[in-house]
Every structure is written in C-alpha cells, then in structure tokens.
Amino acid sequence: MKSLNQSSWKKNMQRTALVGGAAILLLSSAGGETAYNLGGAAYAAEAQSTVKNVAITYPASAVTVALNERLPLLAKLKLSEPVALRYESGNGAVARVNSDGVIIPVAAGKTKIRVHVTSASYKGKLELPVTIRGASASYKAVAASKRVSAGGRSFNVQTVAIPKGMPVTAGLPSRTVGLTQGLSGIASLYNAAAAINGTYFESYGGIPEPYGNIISDGVVEHIGNTGTSIGFQWDGSALMDTLQVKISGKVSSAGKSSQSWYVYFVNRTPTPGRTAAIMYTPKRGSKIGMTTGSAVTVSKGVVTKVSKNTNAEIPKDGYVLFFTGEEEHLASRFQKGSYVDYTVSYNDVSGKAIDWSEVHTAIGAGPRLVKDGKLAVDPANEGFVSPKILTDSGARSGIAIMNDGSILLVTVPAATMKQWGQIMVSLGAKQAMNLDGGASSGLYANGKQITPAGRELSNALVFSSLPKW
C-alpha cells in the first residue's frame, strides 16, 4: 500500500472502501493480533517483530443509529498512521457493517462494531458500542397526475414528489445483480414507499444484467460508464453528472515489489471469446457463473485461491477478480497469500475528476435532460446510438432534482427525448435525467403501481421512511 499523508489517505481510503476490503488479514492469538501472510508462517514471525501499534479513535465512545439511517464510520475515524481497515459486527441480526465501514441497521437492539487495522506492518483495533433504535423521522411520498405543455404539445405525466433526505437505496431483485422482479416486488422487498425503474438492462435474452452504474450502500456494484448518473450523498443532497468509474489496484507478496492490476467491469458476464477484466462482489451471488478464464479469490484482502477454468465461489467477505483473453496475464501477478488493495476513481465524460466520495447510492442511465434549470439534451455526446433514444417517441421514466433539493420521479406515456427534457423544464427541474423506458417504464407509490412496468426489472431506485436495508 502506498504511503499517503493523513488528508490524502482519508480521501483515498474512502474510495478504496467503496468497492473493497483490506490488504492484510489479522489473526488473533494469546499474544494479541498478528499480521499473518497466508503463504507461510515464516513471514508471520518476521511481521510480528516489526509490527507497529496504530491508535484508532472515534469522536464518540458509543453511537446510536436509527432504523431508517445508515452511519458511515470511515469519515470520522482518526488514525495515527495511514493504514487499511476492515470491519465486523458483533451481531449481524442487529446491525451489519460493510467493506466501506457503513453501519446498516437490521433490528432494534445493541451490538458492537469492531474496526481492525489490516496491514503487515501495523496492528490496532477499535470496539464501538452501537445501539439501533426506532426510525428518526417520517417522510411522505406524494403522487400526482399533471397535464404539462411542452414543445407545443400537451402531455399527461405521473409524478411522485420525494422530500430531501428521504432514505434511498438501489433496489435489486433478491438483492442480487443479474436477476429480475416486478417493480412492486422490489418495492416490497425494501419496504419502499416509492420506487421507479432504474438503469437499462439486458431484456431481450441472456442474463438480465444492468448496463449503467450502480452504487449501493457506498459500494460499487456495477460499472456502465455510459450516459448520466444520479448520486445521493450522506447529507441528503443529490448530484448528477456523466459519471465514469475506474478501479485499479496493487498486489504484493512478502519480499517482492507490488504490481498493478485493474478491472473495467463489476458483476457482469463477459462476452464469450472476448477479453475481459471483471470484479465479482457478493451482490453477484454465490459464484461468478462461468468456467473459462482465470479467477483470483480475495478474502479480507488476501488472495486465498488462484484458479483457471473454474466457476469460482465469491466469498462473503471479499470478491473475485476474473481475467480472460488478452487480460488473462494479469492473473499471474497474484498468488495465494498475496495482499490486494485498490482504489476507485470518479471522472466525468471529459476525464475531469469529480468528488463522489460521499455518494452512498447511485444509478446511471441517461441521457441528461436538464442542467441548471435549462434544457440539456445531447444523447449522442453521452454515447447513445439507438434511435429509441436519439429520435423516436416512447414511454419514458425520469428523475429530477428540484431547486429545494427534493426529488421528483416522473413518467410519461410517449415523448421524444427533446420533448421529455422540455417536460422536465416545465415541471421546474433544476437537474434531470432519463431512466430506462419503453416496457421498463414503471412508477410505484404508497402501495400502488401508478405506471405499471410492462416487464420485470433488474434494478430500481427505492425510497422509504423505514427501509429494509
């Protein structure tokens, strides 16, 4: 892991944690916690003699989290050294904690969240008591049917107004990437008061995987890098940009220099016979789903297996890196016992870095419809080539950020993309983007399907006062 100053480290660790875990596994023994290389006991003895203590502190001695909240620990943790961390919950039936250090409530009660230093040269831990209590606030989704004039025509649109800060997450069928379910079923799974279909997906044969970016609870679960994305931040505000996500990392072994690696997809099936570099997280399911190429299994930041032409299992506390075609040579850089870490970078379509480190939920689709209150429709510039997007009229779903920071979910039976943008301007949108449409267009609120989707969906945005995270 490269050396960073405290300020730079914090920002990079947030990005690292968005999609992954720590670099080194710590094992407990009678003498305390020792950095241990799974490749051999000799390294463990050497590491034990050079290990340094790291002080981990949090501003509070204990925390309380409401059932309709999530708490990101990493932003407020203070460390005496810039090291990687891993997290664990003392009772997963009360609260979970993910690889980004986000506490996710499950049921009222008490538990402890343990934070461990995971570096070969350091040791340290923090135990933080956590109380999960009832919901902190009540939010209401308000549905309305409106007649809107745009481009010389009149349109009947369905809307659902979402107050700023209403809990939101990316809804996945059975909480898994690559499945489908009806919109009302996804809404019920997350106890949603409102839901709208999300990004495009493979709906005409094959595995129904999404096409756009998906971030869930701060973790990147799919990379699309086409079109526009909306992101929801911890402070309740929302962002919209042409988000491009990149993942790159380092792998190192005892006594050897580190080597680089990268992937350009997450939780996606490669095209047969084509080159691919893909990361599979637990949201994919129990296995990667293919038996070609080379798979590197990483658990708690340590390589536990390197296999070829095997349907590798995805560890619940890690991920699998899959390489095939011209990228398969990257697998040779890993060996059992190697330490793996990585970072996530965010750029816009022009390559300019953008700060999405505080985003916990995101859906990418597009094209952009409104920017800063003005019509901004340019699908070709965002990479779209289908006439369904460029010129045709069709059923549309969209999402807008209003001037007061609230969110508006909208559907219309038939409109061109330019008309769709004009409708959003007429509704008062400050920022707006298109979501998947056609038979996928669906809108749900307060137990009713306002716009029934014509097919099962692979993903959605769900909003709730008391979500089932």
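Whatever comes next refers back to the structure up there.
Values in this document were obtained by computation on a predicted structure and should not be read as measured data.

S.K.: Got a sec to walk through the overall build of the protein? Specific residues and values, please.
M.R.: Looking only at helices and strands, the protein features five helices and 38 strands. For the protein, the residues scored as buried account for 54% of the 469 residues in total. Taking all contacts inside the protein whose residues are at least 6 apart in sequence as the whole, residues at least 24 apart take part in 67%.

S.K.: I'd love a proper account of helix α5 (residues 417-426), names of residues and values included.
M.R.: Inspection of α5 places M417, Q419, W420, G421, I423 and M424 among the buried residues, and these make up the whole buried set. In the stretch just after α5, G428 is the one whose phi turns positive, near 90°.

S.K.: Help me get a handle on the sheet that holds strand β35 (residues 429-434), residues and values and all.
M.R.: Ordered in space as β14-β15-β34-β33-β35-β31-β32, the seven strands form an open sheet in which the pairing is antiparallel. Two strands lie at the open edges of the sheet, namely β14 (142-150) and β32 (374-375), each paired on one side alone. By the bridge criterion, two bridges tie strand β31 (residues 368-371) to β35 in an arrangement that is antiparallel. Looking at the pairing, V370 lines up with A432 of β35. Against the sheet, α5 contacts β14, β15 (153-162), β31, β32, β33 (394-402), β34 (407-415) and β35, and its axis sits at roughly 140° relative to β34.

S.K.: Would you mind going over the pairing of strand β26 (residues 294-299) in detail, with residue names and values included?
M.R.: For a regular strand, side chains alternate in direction, first toward one face of the sheet and then toward the other. Where burial is concerned, most of β26 is hidden: six out of the six residues are buried. Residues of β26 alternate between two faces, with S294, V296 and V298 on one and A295, T297 and S299 on the opposite face, all of them buried. Here β26 pairs with strand β27 (residues 302-308) via six bridges, running antiparallel. The residue of β27 that forms the bridge with S299 is V302. Two strands pair when backbone bridges link them, and β26 and strand β28 (residues 318-324) are joined in this way by six bridges, in the antiparallel orientation. Each bridged residue has a counterpart across the sheet, and for A295 the counterpart in β28 is F322.

S.K.: How would you sum up the pattern of salt bridges? Please name residues and give values.
M.R.: Enumeration according to the criterion identifies seven salt bridges in this entry. Notably, a salt bridge pairs K112 with E127, separated by 3.3 Å at the nearest N-O pair. With K112 in strand β11 (residues 109-117) and E127 in strand β13 (residues 125-133), the pair connects residues that are 15 residues apart, well separated along the chain. Residue K308 is joined to E328 by a salt bridge in which the shortest nitrogen-to-oxygen separation is 2.4 Å. Here K308, found in strand β27, pairs with E328, found in the loop between β28 and β29 (339-347); they are 20 residues apart in sequence, far enough to count as distant. Residue class for K308 comes out exposed when judged on its relative accessible area of 52%. A single network of salt bridges, built from pairs that share partners, joins K112, R114 and E127.

S.K.: Before we move on, can you summarise the sheet that holds strand β6 (residues 71-72) with the specific residues and values?
M.R.: Within a sheet, neighbouring strands are paired by backbone hydrogen bonds and run either parallel or antiparallel to one another. One open sheet holds the three strands; their spatial order is β6-β10-β9, and the pairing between them is antiparallel. Where the open sheet ends on each side, the last strands, each with one partner, are β6 and β9 (95-97). The pairing of β6 with strand β10 (residues 102-105) spans two bridges and is classified as antiparallel. Its bridge partner being in β10, P72 is matched across the sheet by V102.

S.K.: I'd like a description of the environment of E88, backed by residues and values.
M.R.: For E88, the location among the structural elements is in strand β8 (residues 85-89). As a C-alpha pair, E88 and E127 span 39 residues in sequence and 9.7 Å in three-dimensional space. Within the structure, the side chain of E88 is placed 3.0 Å from the side chain of H116, a separation counted as a polar contact.

S.K.: Residue-level account of the packing of aromatic side chains, with values.
M.R.: Across all of its chains, the model carries eight aromatic pairs by this definition. A centroid spacing of 6.3 Å and a plane angle of 65° characterise the contact between Y280 and F322, whose relative ring orientation is edge-to-face. Placement of the pair is Y280 in strand β25 (residues 276-280) and F322 in strand β28, with a sequence separation of 42 residues. For the residue pair Y280 and F322, the accessibility class agrees, reading buried in each case.

S.K.: Can you explain unusual backbone geometry? Please cite residues and give values.
M.R.: Look at the link from G366 to P367: it is a cis peptide, with omega at 10°. Tracing the backbone shows P367 in the loop between β30 (359-365) and β31. Phi is positive for N225, which is not a glycine, with a value near 60°. Counting through the fold element by element, N225 comes out in the loop between β19 (219-222) and β20 (228-233).

Rules of the game
- Residues numbered from 1 in each chain as written.
- Predicted model: local features only at pLDDT ≥ 70, side-chain atom pairs only at ≥ 80, totals over all residues.
- Heavy atoms only, no water.
- Helix = DSSP H or I, 4+ residues; strand = E, 2+ residues; numbered from the N terminus.
- Buried < 20%, exposed > 50% of the residue type's maximum accessible area, 1.4 Å probe, protein only.
- Contact = heavy atoms within 4.5 Å.
- Pairing = 2+ DSSP bridges.
- Axes fitted to C-alpha atoms, helices over the stretch in contact; angles between N-to-C directions.
- Salt bridge = Lys/Arg side-chain N within 4 Å of Asp/Glu carboxyl O.
- Polar contact = N/O pair within 3.5 Å; in protein donor to acceptor, adjacent residues only side chain to side chain.
- Phe/Tyr/Trp six-rings, centres within 6.5 Å; stacked < 30°, edge-to-face > 60°.

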